Structure formats: structure tokens, C-alpha cells
Amino acid sequence: METSVACYARGAFPRNVSSSSQHSTSLMSPASISPSFNAKVLRTSSLYGESLRLVSKSSLRALKTKNSSVAPKCAIGDSLEEFLTKATPDKSLISLLLSMGEAIRRIGFKVRTASCGGTACVNSFGDEQLAVDMIADKLLFEALTYSHVCKYACSEEVPELQDMGGPVEGGFSVAFDPLDGSSIVDTNFTVGTIFGVWPGDKLTGVTGADQVAAAMGIYGPRTTYVRLLKASPAPTSSFFLMKWQHVKETTEIGEGKMFSPGNLRATFDNPDYSKLIDYYVKEKYTLRYTGGMVPDVNQIIVKEKGVFTNVISPTTKAKLRLLFEVAPLGLLIENAGGYSSDGHKSVLDKVIVNLDDRTQVAYGSKNEIIRFEETL
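Note that this is a predicted model, so its numbers are computed, not measured.

Enquirer: I'd love a proper account of the sheet that holds strand β14 (residues 254–262), names of residues and values included.
Expert: Spatially, β15-β14-β16-β19-β17 is the arrangement adopted by the five strands of the open sheet, whose pairing is mixed. On the outer flanks of this sheet lie β15 (286–287) and β17 (339–341), each paired with one strand and no other. Pairing of β14 with strand β16 (residues 305–310), which is carried by five bridges, proceeds in the parallel orientation. Each bridged residue has a counterpart across the sheet, and for G262 the counterpart in β16 is N310. Docked against the sheet, helix α5 (residues 271–282) engages β14 and β16, running at close to 155° with respect to β16. Contacts between helix α7 (residues 322–334) and the sheet are confined to β17 and β19 (361–364), with β19 contributing the most and set at about 20° to the helix.

Next up, the structure:
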């Protein structure tokens, strides 16, 4: 079964865009990649060599061709509702993603207008909560209640399961980071929302590969909604805000010298990470790092190249949460033709034991993730 990531943006985009432009904007990769990274295990040869994963590109293309014969024809210019209706017969999942799309639209407005000041509150992780954080959190919980198909929801701001009243059978559980990068809202940098959707009523004892959908909202100069339905033949797709029009599909993350190195302080006492960064600089990679995980990962999807890293060291522990951030973004990247790793295996293979599980991570093209694993 094939998967896809779609990007939607809100704005004026011609309804009569030629379907011939579809190839330039959707992220796709077979679902067979996601459930187990064992099939994608990296062969270690030379440190920065041309190692290959065990699954050949030809076999993946064959699988894609086989499944695409029955694929609904999602087109550039489709509205979000039109796209989802073509992409999946699951009306409950459509309802959930439309509700979350409305929440992202509203958060995009609030990010531009709400206070960026502190609230004198901290979340359970010790992070100060901003007014805009709490507004985004509230809007997402409201959207999930309104969808009538969410059983449990869990926010990074308050990592406790909240009963949304939806069914267990045929329903979903959703984990989200309401406003990733909220500390840089006041500097007018791009920030975003991340969420992952799991079937039924479990958010622990599951893996990222068990997700049925994942998405992120990006609030920058324009608001976009990048989403993926795992069981759909449509790729990772982007939608542009206005009428949530389908503007891009990404099917492959290629090689390209662009890097986003998070947690650089870890290079002080992690010589392997220092070596990796030195390699990027020596090879004249272009630095594209914003301080926000959502825009840094989104640029890999949009530019269809590059690598994002966030590595730990003895004195800098992992901050990124597997459930709320790493696993959903891993599904988006892998089903856009890219790869993810915690240094040993795909982040989609990591079992979520606790709601607060954290990890280091890298996202990017095949050879960049090979390099990351061989170095670390």
C-alpha cells in the first residue's frame, strides 16, 4: 500500500492548474517502508561512502506502479475536502483532518494577532507557556471534539490523555505539539503545529509506523498545511491557506548540500557530532537553520533535499518528544521519499513507552542518513 504527503496552502491559486504539474509537489513512498526500518537498514561501508539500503529503488517503484493503478486522481488545485475525498474512503479520518485543518487556519490568524507574552505558567516539562501556546492548544482540543471521531487526545503542553468522546472502534487518538517554536514567535520567525493520528485508543505501546496520518501546519509569510494519509495512494502533499488548495506533492527527497544542525552545543562533548558538522562545513553545505523544527523539516519537503539533525551529548540531553514531534514528522519525511534515524534505526520503529519519551533524530535524503548513522 502506498502513502503520500500533501501540502496545502491558503491563498489564491488557480483552479485550472494543469495536472501535468503534479509531479513537482507531492511526497510519496510505499507504506512498506514505514512499518519496519529493518527493510531499510543501512549497509555500513566507508564512512561517507555510497552505502545502499537493502530495499532497492526499483522494487519500491514496482510497488508504487502496482498500487497506483487503482489510485484516485488527486490533482493540484483540489480543495482539501476534494483531495481527502479522493485520497481515502474513511469518512471518519476525513472529518478529523478537515477539523484539524480549520484549527490550523485559526491558529495561523492567532499567531499573527495574539500576545507573545508569558502567562506565568509552565507546562509539565518546565517550559514557560505563552498566551499564544495556550490559545493554539485550546483550538486543537476544540477541533478534535468537534470531529466526533477522536477518542483520546494528548498535547505536549499537558501530556495527559484527554477523553474527547469519540469511539474506540473506528475512532482515533491524536498527539500534537500545538505550537512548535513558540519561543521565536516574538521574533517573527516561522513556527508550526505538529500532529500524529493513531487508530483506536492507544498512544503508548505503539510506534510511529502505526500512525494512519500525520500533518504539520506552518505559520510563516504564508500558512501551509502539509499532510499525509498512510493508506492513501496520494503522496505527502501541501495545501495553501485561503481555500486550502493543493499546491505541491513531494515524492522524493534527493541529494543536496543543505543542512539544518540543531543543538550545536552538543558538539562540545560529542566528538562524533562535531565531526559531522565539520564535514558539512568542509564540503561547503549551505546552512539553512531557523531555530524551529517545523520550518527546518518543511524545507526538506519543499526543496526536496537536505538534512536536519538534532543530536545529544553527555551534557545536552534529548529535548525532542517522540510522540508529539519526532514520530509524526518521521512519517511525513519517510513517505515523501526521505529517511529518518535516531542514529541506529528509523524513528518510526521506536516504541513509544511513555508520553514523554525523547530522542535524538535526523531527517533527510538516503545518503545523508547513511552518513549520520555511520558517523554517530
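Enquirer: So what's going on with the packing of aromatic side chains? Which residues, and what values?
Expert: Throughout the structure, instances matching the rule amount to nine aromatic pairs. Seen from their ring centres, Y225 and W244 are 5.4 Å apart, and the 55° between their planes marks the pair as tilted. Of this pair, Y225 sits in strand β11 (residues 223–229) while W244 sits in the loop between β12 (236–241) and β13 (245–249), and the two are 19 residues apart along the sequence. Judged by centre distance (5.0 Å) and plane angle (40°), the ring pair of Y280 and Y285 falls under tilted. As far as burial versus exposure is concerned, Y280 and Y285 are alike and both buried. A network of ring pairs unites the aromatic residues F259, Y279, Y280 and Y285 as a single cluster. Lying across the ring of Y152, K151 places its NZ or CZ 5.2 Å from the centre.

Enquirer: Lay out unusual backbone geometry with the relevant residues and their values.
Expert: In this structure, N188 is a non-glycine residue whose phi angle is positive, near 70°. Structurally, N188 is set in the loop between β7 (172–180) and β8 (191–199). A residue is classified by how much of its surface remains accessible, and N188, at 70% relative accessible area, is exposed. Unlike most non-glycine residues, K284 shows phi in positive territory, near 60°.

Enquirer: Explain helix α2 (residues 80–87) to me, using residue names and the numbers behind them.
Expert: Every buried residue belonging to α2 is among L80, F83, L84 and A87, and all of these are buried. Looking down the long axis of α2, one finds its buried residues gathered within 95° of arc, a one-sided arrangement. Counted as exposed and oriented over 90 degrees from the buried face of α2: E81 and T85.

Enquirer: Quick rundown of the pattern of salt bridges? Include the residues and the values.
Expert: Considering all chains together, one arrives at eleven salt bridges under this definition. In this structure, the salt-bridge partner of K202 is D201, at a minimum N-O distance of 3.3 Å. Across the pair D342 and K350 runs a salt bridge, and its minimum N-O distance is 2.9 Å. As far as burial versus exposure is concerned, D342 and K350 are alike and both buried.

Enquirer: Break down the nonpolar core for me, with residues and values.
Expert: L96, F195 and Y225 are the most contacted members of the largest nonpolar core, which has 44 residues in total. Sort the elements by how many residues they give to this core and helix α3 (residues 91–113) lands first, with nine residues. In contact with L96, not counting residues within four places along its chain, are L144, S147, V149, C150, F172, V174 and V197. Membership of the second largest hydrophobic core comes to 36 residues, among which are I253, V294, I333 and I352.

Enquirer: Tell me what's going on with the environment of L179, and back it up with residues and numbers.
Expert: Among the secondary structure elements, L179 is positioned in strand β7. Not counting the four nearest positions on each side in its chain, L179 is found in contact with I107, V111, V132, D133, A136, V185, V191, G192 and Y219.

Enquirer: Any details on the environment of E160? Residues and values, ideally.
Expert: Within the fold, E160 resides in the loop between β5 (150–155) and β6 (162–163). Linking E160 and L355, residues 195 residues apart in sequence, is a C-alpha distance of 7.8 Å. Excluding anything up to four places from it in sequence, E160 contacts A153, C154 and L355.

Basis of the calculations
- Residues numbered from 1 in each chain as written.
- Predicted model: local features only at pLDDT ≥ 70, side-chain atom pairs only at ≥ 80, totals over all residues.
- Heavy atoms only, no water.
- Pairing = 2+ DSSP bridges.
- Helix = DSSP H or I, 4+ residues; strand = E, 2+ residues; numbered from the N terminus.
- Contact = heavy atoms within 4.5 Å.
- Axes fitted to C-alpha atoms, helices over the stretch in contact; angles between N-to-C directions.
- Phe/Tyr/Trp six-rings, centres within 6.5 Å; stacked < 30°, edge-to-face > 60°.
- Buried < 20%, exposed > 50% of the residue type's maximum accessible area, 1.4 Å probe, protein only.
- Lys NZ or Arg CZ within 6 Å of the ring centre and 35° of its normal.
- Arc of directions from axis to C-beta.
- Salt bridge = Lys/Arg side-chain N within 4 Å of Asp/Glu carboxyl O.
- Core = buried A, V, L, I, M, F, W, Y, C linked by side-chain atoms within 4.5 Å.

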